[in-house]
Amino acid sequence: MTSTYQNILKNTSFSVPENWMTIKTIDMHTGGEPLRVILDGFPKLKGNSILECRREIKENYDYLRTTLMFEPRGHADMYGCVLLPPNSEDADFGILFLHNEGYSTMCGHAIIAISTLSAKMNWISVSEGENVLKIDAPCGRINSFVNIKNGEVYGVKFHCVPSFVVGLDRVVDVPGLGEITYDLAYGGAFYAYVDLRKNNLNLRLSSDEYRSLIQTGMHIKQAIILYDLEILHPFEEDLSFLYGIIFIDEPHDPKNHSRNVCIFAEGEVDRSPTGSGVSGRIAIERTRSNIDYKETLTIESITNSVFNCSLIFEKDYGPFKAVIPQVEGTAHITGMNTFVIDPEDPMKNGFILR
């Protein structure tokens, strides 16, 4: 055995220089969609609410978002979150969501993952059966329910914020594609829903068409942003933007209701059915009288993962008739990371090649 190899076996820890920054995370996935949970080393954010902290991180620490989401530590489809104090004492904690473009206002797959982690890490006292978590997100209060069986997390469901339809069967002229019919709805974020059964796009919602889905989705998103003036939240200006395009088609598994593929942020593809996206879909299906109480829609994703989606109740929300959707799924831990930032590294703040 060589002396070099013996040294390798003996020296497996790196001593981080004092002038380097260290950030610790736990990585997870929900239905294949990643979540990098930032736990230690991130600067303390100033603000009296989650939305104020969102403005603070955008203005002063955006380089850390790119550092942790972009290559070489992440990739073009990476997703993360920062945990914060809640807006009020009756909640458990607050959460901010990070991705390749910025900071989303709601993320269902992250809620499922962080609720799972809260139980596994004993951040909350858990007991057999249903355990309730109150989480403050940029879009408002999210109530999640962690199901414990024999001491293990068996699944998570959450009740989204009021979700509503802005308009059905709207039409936009997209350069190179022609007229596209879409529904505009909100489920914690605004989405345009493009049903392939109503549009002649020659797309399949499969991994084989990954790049075509990104390109087509971004073309449609840009056109809608340009022409649709009703992407306005009734109470919060910070929530008034189009987050993504959700393509809808027949399910690949006939046991399911339909298939969702979401193209969001700067061309990210959600591996899960998209928790906020299916919340908006429940609003759409209710407006079309396609779902009633005690009915469940199983909606699949590009990875064939499934969310179970249902209608809890309805309420008036500003000028809209809104629904409170319930979304159910499972999440898993994939690893623990200690990221270091060398101040002399010319690529310390990350880059993206797609």
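Everything quoted here is computed from the prediction, not taken from an experiment.

Calculation criteria
- Residues numbered from 1 in each chain as written.
- Predicted model: local features only at pLDDT ≥ 70, side-chain atom pairs only at ≥ 80, totals over all residues.
- Heavy atoms only, no water.
- Helix = DSSP H or I, 4+ residues; strand = E, 2+ residues; numbered from the N terminus.
- Rg over C-alpha atoms; globule rule 2.2 N^0.38 Å.
- Buried < 20%, exposed > 50% of the residue type's maximum accessible area, 1.4 Å probe, protein only.
- Areas by Shrake-Rupley, 256 points an atom, 1.4 Å probe, with all protein chains shown as cover.
- Lys, Arg positive; Asp, Glu negative; His and termini not counted.
- Charge placed at Lys NZ, Arg CZ, Asp CG, Glu CD.
- Salt bridge = Lys/Arg side-chain N within 4 Å of Asp/Glu carboxyl O.
- Polar contact = N/O pair within 3.5 Å; in protein donor to acceptor, adjacent residues only side chain to side chain.
- Contact = heavy atoms within 4.5 Å.
- 1 Å grid on protein atoms, 1.4 Å probe; cavity = no way out; pocket = protein on both sides within 12 Å on 5 of 7 lines; lining within 4 Å.
- Points joined across faces, edges and corners; volume = space filled by probe spheres on them.
- Nonpolar A, V, L, I, M, F, W, Y, C, P; charged D, E, K, R; others polar.

Another point: the overall build of the protein chain. In terms of helices and strands, the protein chain carries six helices and 17 strands. For a compact globule of 354 residues, the expected C-alpha radius of gyration is about 20 Å, and the protein chain comes in at 21 Å, within 12% of that figure. Principal-axis analysis of the C-alpha atoms places the extent of the protein chain at approximately 70 × 50 × 45 Å. Counting all 354 residues of the protein chain, 55% fall into the buried class. A total of about 16,200 Å² of accessible surface is found on the protein chain, and carbon and sulfur atoms cover 48% of it. The average position of the 32 basic charges and that of the 46 acidic charges among the side chains of the protein chain differ by 3 Å.

This part covers the side chain of glutamate 268. Of note, glutamate 268 is situated in strand β13 (residues 268-269). We note that glutamate 268 is buried and unpaired, the nearest opposite charge coming from arginine 271 at a distance of 6.4 Å. Here asparagine 100 takes part through its backbone nitrogen, which lies 2.7 Å from a polar atom of the side chain of glutamate 268. Contacts of glutamate 268, omitting those with residues within four sequence positions, involve Glu33, Ala76, Asp77, Met78, Tyr79, His99, Asn100, Cys262, Ile263 and Arg354.

By volume, the largest pocket amounts to about 280 Å³. For the largest pocket, the lining is made up of 19 residues, of which Leu45, Val82, Leu83, Leu84 and Pro85 are closest to its centre. Secondary-structure elements contributing two or more residues to the lining of the largest pocket are β2 (33-40), α2 (50-60) and β3 (80-84). Here the lining of the largest pocket is composed, by residue class, of twelve nonpolar, five polar and two charged. By volume, the second largest pocket is sized at about 160 Å³. Taken together, 15 residues line the second largest pocket, and the ones lying closest to its centre are Asp183, Asp195, Lys198, Glu285 and Arg288. Going through the elements one at a time, β9 (178-186), β10 (190-195) and α6 (275-287) are the ones with two or more residues in the lining of the second largest pocket. Tallied by class, the residues present in the lining of the second largest pocket amount to four nonpolar, three polar and eight charged.

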